[in-house]
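Coordinates in review
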Amino acid sequence: MIMDPKQELRILLIEDDPRTAALVRAGLEPEGHDVAVAPDGRAGLLRAASESWDILIVDRMLPGLDGLGIVRTLRGAGVVTPALFLTALGGVDDRVDGLRAGGDDYLVKPFAVAELSARIAALVRRGAPKPEDTILRVADLELDRLTREVTRAGHAITLKPREYAVLEYLMRHAGQVVTRTMLLEDVWDFHFDPQTSVVESHISRLRAKIDRGFDRELVQTIRSAGYRLGDAP
Amino acid sequence: MLPKLFQTTSVRLAALGLGLASVSAVVLFVVIYYGTLGTMRATLDAAITNEISEILIAGPTTPQTTVAAGVRAALAERPANIFFLLDDAGGRMIAGNLHLAMPRPGWHTLAAPEGQVFAPHAHVLRGHVVPITGGDRLFVAADATMLDELNELIRRSFMIGFGITLAIGLAAGIGFGRRALARVEAVSAAGREIMDGDFTRRIPLSGSGDEFDHLATSINAMLARIEQLMANIRAVGDEIAHDLRSPLARLRESLELSLRVADPAAMRGAMEDAIGQVDAALGLSVAILRLAQIESGARRASFTRIDFSLLLEEIAETYETVAEDAGGRLTATIEPDLILTGDAALLNQMVANLVENAINHGGNGTAIALAASRAGRDIEVTVADNGPGIPAERHAMALRRFGRLDASRAAEGHGLGLPLAAAIATLHDATLTLSGARNDPVRPGLRVTLHFASVSPC
């Protein structure tokens, strides 16, 4: 089970390509989500503004109204529902444009359904630590954001800066799948595909430091999806 | 040809110059003319007036007999160049040494008819006719031949000078105009040949370093760039086709295989493999798009100030770990406070690319050194390894798109790592050069040097 079973979301997908819509449905509905599809911009805008949703998935290139415009309009009208852009445009500038228009994340087509699923979970995370929370806790693992101290079962653990950054990210998304791409983008600010095992190396280092010798493995690998920090299901 | 000639700026400028020269010539003429002739005539006129006043002692009312006596007395002194004529109301001569019809009252300049003279060597007379009581008229004149000759001389000199100025001006104007036109025509002709497909053509320079040469140099630089881009496009077309074929061909193999296997697990495996091939093809096309975007320079607009030292340190820390896992080692010597204006995402990609190349091509036990320091007002970054390196004669090939160094294209990656790094460097006004890293002939290693030009000091 990729998603935390408690998260069953009402998702509005504004997408004119029937194949993409079918893929998104086929990927998200088995996880218990309710996926509604609006096949064009105007219908999408109307439904987004008049009904309540947990998350909006908006294709940037729509006939008629463009995706950025829709989100901008919604934000202007005070709609704060998280919005994720789907697009064939993959330039870094395009991503920045999307975020500036009020989007919360940006996924380039073609995407793996597991990637979409993980990002949606991250956007709608319930029970996620608030920015003001200075101590993050998962089981007996504790991270203090002010002192940057990490302890497990009372034992202090020394982490290098990148290792710390990865752990903090995993803890902020505790219980959720975090994909390799999410880590590359959010922890390393790498917007390209590395030709070496950057993420894998750091995860294995992290495992060696915070899991080895303790009773439970908290850093889990979710096959074909990514990683998750939490108690094994 | 002719109408075009007169439209050139050169000719127009020459015409303007000519006009100004003419105006100054005319002004000069006027000044000289009235300066010399005017003065001389005034002197002459003064002398004549003097003579008249000596004869007409009582002005115009002086009696005829007194006037006649005065004239005879003046003549008795045998003046060389003064002439007198006193006529009565009927036109009969009373006294004088001049034989001609009395002109009307007032000042006159008289020229002797062709072949005749008023007196030996006197061709021109200047004089004043004064009416006196009784209808008589007194004409006193002086020999103004020299005046006239001077007049002619000045006029002729001016005409000749003016004519010469005009001729030189026109010749120069036409000459320069034609030369300028020829230079421009050369540029146009080169342009036409280039449009017809000859990208090696360049515009010849005259060597004088003038504005036309500057223009030609700029255009030649542009042409060189066009030639390079055309070559790139041709190469890319070939290579993209080839490089996209491999993953797509393997994809087809996987899919056909999955059609033939009955075992669902094996079919799953074949399909997952197929997805992997598609991802490889997609990775390639994304890299191509990224490269095109970078080379078009569109990203410059979003440049910001970046703490380059910090960026490099983070990359060093990240890849220390990765290198260790690959059985190697990465060391970093980074000077602090190196500031750059650029795109952080692209700089990350560029440096990461170079470090990853070193890790991937070095094999076990590779030592990689990342260094960054100030070099005057520039910044220099080097990534050096002790791996097999790249032979010098293949450096150019390595920087070309898809210029893979091993013959089999089955190797990992899309071969765009170095070209991408080079394109990002160029976008940031930096050069990327390859060289050997050590003296060892078997494993010379590779040093990639990035030289960022005149960065402002922090």
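Here is what the cut-offs are and how they apply
Residues numbered from 1 in each chain as written. Chains lettered and ligands numbered in written order. Predicted model: local features only at pLDDT ≥ 70, side-chain atom pairs only at ≥ 80, totals over all residues. Heavy atoms only, no water. Helix = DSSP H or I, 4+ residues; strand = E, 2+ residues; numbered from the N terminus. Buried < 20%, exposed > 50% of the residue type's maximum accessible area, 1.4 Å probe, protein only. Contact = heavy atoms within 4.5 Å. Areas by Shrake-Rupley, 256 points an atom, 1.4 Å probe, with all protein chains shown as cover. Pairing = 2+ DSSP bridges. Axes fitted to C-alpha atoms, helices over the stretch in contact; angles between N-to-C directions. Phe/Tyr/Trp six-rings, centres within 6.5 Å; stacked < 30°, edge-to-face > 60°. 1 Å grid on protein atoms, 1.4 Å probe; cavity = no way out; pocket = protein on both sides within 12 Å on 5 of 7 lines; lining within 4 Å. Points joined across faces, edges and corners; volume = space filled by probe spheres on them. Right-handed = clockwise from strand over helix to strand, strands pointing away. pLDDT = per-residue confidence, 0-100. Buried area = accessible area lost by both parts, 1.4 Å probe. Salt bridge = Lys/Arg side-chain N within 4 Å of Asp/Glu carboxyl O. Polar contact = N/O pair within 3.5 Å; in protein donor to acceptor, adjacent residues only side chain to side chain. Nonpolar A, V, L, I, M, F, W, Y, C, P; charged D, E, K, R; others polar.

Secondary structure assignment for chain A yields 8 helices and 12 strands. Counting all 233 residues of chain A, 51% fall into the buried class. Pairs at least 24 residues apart make up 59% of the contacts formed inside chain A by residues separated by at least 6 positions. When the accessible surface of chain A is split by element, carbon and sulfur atoms take 52% of a total near 10,600 Å².

Below, the discussion takes up the sheet that holds strand β9 (residues 155–157) of chain A. Residues and elements named next belong to chain A. Judged by pairing direction, the sheet is antiparallel, and its 4 strands sit side by side in the order β6-β7-β8-β9 without closing on themselves. Each edge of the open sheet is held by one strand with a lone partner, namely β6 (135–138) and β9. Taken over all neighbouring pairs, the strand axes of this sheet differ in orientation by 25° on average, direction set aside. Pairing geometry for β6 and strand β7 (residues 141–144), over 4 bridges, is antiparallel.

What follows is about the packing of aromatic side chains. Overall, the coordinates contain 8 aromatic pairs over all chains when judged by the stated rule. Aromatic side chains Phe-190 of chain A and Tyr-319 of chain B sit 6.5 Å apart centroid to centroid with 20° between the ring planes, which places their arrangement in the stacked category. Here Phe-190 of chain A, found in the loop between α7 (180–186) and α8 (198–210), pairs with Tyr-319 of chain B, found in helix α7 (residues 308–325), and the two come from separate chains. Per residue, the accessibility class of Phe-190 of chain A equals that of Tyr-319 of chain B, and both read buried. Feature note: the residues Phe-29, Tyr-33, Tyr-34, Phe-158 and Phe-162 of chain B constitute an aromatic cluster, connected by ring pairs.

Attention shifts here to the layout of surface pockets. Taking a probe equal in size to a water molecule and rolling it over the atoms shows the remaining empty space. All names here are of chain B. In this structure, the second largest pocket occupies an estimated 550 Å³ of space. Gln-228, Asn-232, Glu-295, Ala-423 and Thr-426 are, among the 22 residues lining the second largest pocket, the residues nearest its centre. Taken together, the elements giving at least two residues each to the lining of the second largest pocket come down to α5 (211–260), α6 (264–295), α10 (417–427) and β11 (430–435).

Before going further, it helps to spend a moment on the pairing of strand β2 (residues 34–38) of chain A. Residue and element names in this part refer to chain A. Bridging between strand β1 (residues 10–14) and β2 involves 5 bridges; their strand directions are parallel. Bridge pairing in β2 links Ile-14 to Ala-38. Crossover β1 to β2 through helix α1 (residues 18–28) is right-handed.

All names here are of chain B. Confidence in the prediction for chain B averages 83 pLDDT; 93% of positions are at 70 or higher. In the model of chain B, helix α1 (residues 2–7) stands out as the element of lowest mean pLDDT, 61, in contrast to strand β7 (residues 329–334), which has the highest, 95. Every residue in residues 405–411 scores below 50 in pLDDT, and together they form 11 contacts with partners more than four places removed in sequence or on other chains. Here the predicted complex scores 0.65 on pTM and 0.83 on ipTM.

Residue and element names in this part refer to chain A. Strand order in the open sheet made by the 3 strands is β10-β12-β11, with antiparallel pairing throughout. The two strands at the open ends of the sheet, each matched to only one other strand, are β10 (178–179) and β11 (219–222). Of the strand pairs in this sheet, β11 and strand β12 (residues 226–229) are connected by 4 bridges, and their pairing is antiparallel. The residue bridging Gln-220 from the neighbouring strand is Arg-228, located in β12. Contacting β10 and β12, helix α6 (residues 161–172) crosses the sheet at an angle of about 75° to β12.

Taken together, the 24 residues of chain A in the interface contact 24 residues of chain B. Overall, the association of chain A and chain B removes approximately 2,100 Å² of surface from exposure, summing both partners, and the carbon and sulfur fraction of that is 47%. Ranking the residues of chain A by area buried against chain B places Phe-192, Gln-195 and Arg-205 of chain A at the top, with a combined share of 26%. At the junction of chain A and chain B, the tally comes to 6 salt bridges. We note a salt bridge from Arg-205 of chain A to Glu-324 of chain B, for which the minimum N-O separation is 2.7 Å. Counting across the chain A and chain B interface gives 12 residue pairs in polar contact (both at pLDDT 80 or more). Looking at the side of chain A that touches chain B, the elements that each hand over two or more residues are α4 (92–100), α6 and α8 of chain A. Considering every element that reaches the side of chain A that touches chain B, the biggest residue donor is α8 of chain A, with 5 residues. Its residues assigned to classes, the side of chain A that touches chain B comprises 8 nonpolar, 9 polar and 7 charged.

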